[in-house]
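Here is what each chain is made of, one letter per residue.
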Amino acid sequence: MNTNDKGLRISADIIGTNNGTDVYKLIKRGDVNKMSFAFTVKSERTEVDKENKIYTRTIIVFDKIYDVAVVDFSAYDGISMQARSKEYFIDLEKDLQEKQRRKRLLFMTYL
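Below you will find a few notes about this structure. Owing to the predicted nature of the structure, the values given are computational and were not obtained by experimental measurement.

Attention now goes to the pattern of salt bridges. It is possible for side chains of opposite charge to pair when their charged atoms get near one another. On inspection of all chains with the given rule, the structure shows five salt bridges. The residue Arg-101 makes a salt bridge to Glu-98 at a minimum N-O spacing of 2.8 Å. One end of the pair is Arg-101 and the other is Glu-98, both in helix 2 (residues 86–109) and three residues apart, which spans about a single turn. Residue classification places Arg-101 among the partly exposed positions, given a relative accessible area of 38%. We classify Glu-98 as partly exposed; its relative accessible area is 27%. In this structure, Arg-102 and Glu-98 form a salt bridge, with 3.0 Å as the shortest nitrogen-oxygen distance. Of the two residues, Arg-102 and Glu-98 are both situated in helix 2; the distance of four residues between them amounts to about one turn of the helix. Among the residues examined, Arg-102 registers a relative accessible area of 55% and is labelled exposed. Each of the salt bridges in this network shares a partner with another, and the network as a whole consists of Glu-98, Arg-101 and Arg-102.

Conventions and cut-offs
- Residues numbered from 1 in each chain as written.
- Predicted model: local features only at pLDDT ≥ 70, side-chain atom pairs only at ≥ 80, totals over all residues.
- Heavy atoms only, no water.
- Salt bridge = Lys/Arg side-chain N within 4 Å of Asp/Glu carboxyl O.
- Helix = DSSP H or I, 4+ residues; strand = E, 2+ residues; numbered from the N terminus.
- Buried < 20%, exposed > 50% of the residue type's maximum accessible area, 1.4 Å probe, protein only.

Structure follows, in structure tokens:
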């Protein structure tokens, strides 16, 4: 589990039990695609639009993330989740390395 400029990224090793397999299939099919978090905040910013009655809380830095869980309904809008295999990330990394290699070769060609 780590954070980046888009939010929280997690990876999980799902056990091959009936429950684990069922949850994975539900995630992969899109039936379950939300997450729940238990955390404390180190730094945040709030904005209040009284006219439109909109309160926006932006977390700048998490203090600690205690729990992450798959849920049907999330407390926060904009949360989504997808199931991807380990091979997906291995292939993605290979593709990125190949693109970087091609850029370097192209750059060296025109020097």
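On we go from here.
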